[in-house]
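Residue-level structural notes
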Amino acid sequence: MKILMVCLGNICRSPLAEGIMQHKANELGLDWTVDSAGTGYWHVGDLPDNRSIAIARQYGVDITGQRARQFTAADFERFDKIFVMDTQNLRDVLRHAAGEAHWSKVELILNQVHPGENRSVPDPYYDDNGFDRVFRMLDEACEAFIRQQV
Ligand code: 4NP
């Protein structure tokens, strides 16, 4: 299974989602590839935000090997599943989609926990206290997904 996590900057939310899902897959001995990307270009090459690194570390997940990159249409071919963090990411990603085979790979990650509700993971960039809540939301969503696969 190859999974891509997508947010806007690829420095706060999707690096956490990548780290959490990869960590869970590794723990279960699953040979999964998990990556992340941003719809924006501003942070390409950057490490995850220090606040994401810190909260992940608190939960035993190391995301310091990650560097931000931008989402491209080629990602539709390289990944089986593309999880987006919010409804704006959903629109931005689907703008690059060519046909049903691409469309069907894309899903809001919180629909794993709240099916059909199309909830967004709040952007914690301007909220220092938002990172713990975001971590726990993503952990719950990743757990729900991986439990359906094993
Ligand atoms: P992310 O958060 O999409 O969760 O990585 C953001 C990080 C940076 C910016 C926006 C969102 N920014 O505009 O620089």
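Here the structure is a predicted model, which means the values were calculated and not measured.

1. Considering the layout of surface pockets
- One number sums up the size of the largest pocket: a volume of about 150 Å³.
- Around the largest pocket, the lining residues are Cys7, Leu8, Gly9, Asn10, Ile11, Cys12, Arg13, Trp42, His43, Asp123, Tyr125 and Tyr126.
- Classifying every residue of the lining of the largest pocket by side-chain character gives 7 nonpolar, 3 polar and 2 charged.

2. A word on helix 2 (residues 50-58)
- Within helix 2, the full set of buried residues consists of Ser52, Ile53, Ile55 and Ala56.
- Residues of helix 2 that are buried sit in contact with helix 1 (13-27) and helix 6 (130-149).
- Capping of helix 2 at its N-terminal end is provided by Asp49; its side-chain oxygen lies 2.8 Å from the backbone amide nitrogen of Arg51.
- Residue Gly60 follows helix 2 closely and has a positive phi angle near 85°.

3. Here's the deal with the sheet that holds strand 3 (residues 81-84)
- Spatial strand order, 2-1-3-4: 4 strands in an open sheet with parallel pairing. A single partner strand is all that each edge strand has here, and the edge strands are strand 2 (33-38) and strand 4 (106-108). Strand-to-strand twist across the sheet, computed as the mean angle between neighbouring axes with direction ignored, equals 25°.
- The pairing of strand 1 (residues 2-7) with strand 2 spans 6 bridges and is classified as parallel. Pairing of Cys7 across the sheet is with Gly38, part of strand 2.
- This element, helix 4 (residues 87-94), spans strand 1, strand 3 and strand 4 of the sheet and lies at about 170° to strand 4.

4. Looking at the state of the cysteines
- What the rule picks out here adds up to 0 disulfides.
- You can see Cys7 has no disulfide; the closest cysteine sulfur is in Cys12, sitting 7.0 Å from it.

5. Details of the site of the ligand
- In the region of the ligand, the neighbouring residues are Cys7, Leu8, Gly9, Asn10, Ile11, Cys12, Arg13, His43, Asp123 and Tyr125.
- Here an oxygen atom of the ligand sits 3.0 Å away from a polar atom, N or O, in the main chain of Ile11.
- Split into classes, the residues belonging to the shell around the ligand amount to 5 nonpolar, 3 polar and 2 charged.

6. Digging into the packing of aromatic side chains
- Inspection of every chain in the model, using the stated rule, returns 6 aromatic pairs.
- Consider the rings of Phe71 and Phe76, whose centres lie 5.5 Å apart with planes at 85°: the pair is edge-to-face.
- Residue classification places Phe71 among the buried positions, given a relative accessible area of 6%.
- Judged by relative accessible area, Phe76 falls into the buried class, the value being 0%.
- Each member of the aromatic cluster is reached from another via a ring pair, and the members are Trp32, Phe83 and Phe145.

7. Comments concerning the pairing of strand 3
- Here strand 3 shows no split at all, with Lys81 and Phe83 on one side and Ile82 and Val84 on the other all buried.
- Sheet topology places strand 1 next to strand 3; 4 bridges connect them, and they run parallel. Note that in strand 3 the partner of Val6 across the bridge is Val84.
- Pairing between strand 3 and strand 4: 3 bridges, direction parallel. Residue pairing in the sheet places Phe83 in a bridge with Glu107 of strand 4.

Criteria and thresholds
- Residues numbered from 1 in each chain as written.
- Predicted model: local features only at pLDDT ≥ 70, side-chain atom pairs only at ≥ 80, totals over all residues.
- Heavy atoms only, no water.
- 1 Å grid on protein atoms, 1.4 Å probe; cavity = no way out; pocket = protein on both sides within 12 Å on 5 of 7 lines; lining within 4 Å.
- Points joined across faces, edges and corners; volume = space filled by probe spheres on them.
- Nonpolar A, V, L, I, M, F, W, Y, C, P; charged D, E, K, R; others polar.
- Buried < 20%, exposed > 50% of the residue type's maximum accessible area, 1.4 Å probe, protein only.
- Helix = DSSP H or I, 4+ residues; strand = E, 2+ residues; numbered from the N terminus.
- Contact = heavy atoms within 4.5 Å.
- Polar contact = N/O pair within 3.5 Å; in protein donor to acceptor, adjacent residues only side chain to side chain.
- Pairing = 2+ DSSP bridges.
- Axes fitted to C-alpha atoms, helices over the stretch in contact; angles between N-to-C directions.
- Disulfide = S-S within 2.5 Å.
- Near = heavy atom within 4 Å.
- Phe/Tyr/Trp six-rings, centres within 6.5 Å; stacked < 30°, edge-to-face > 60°.

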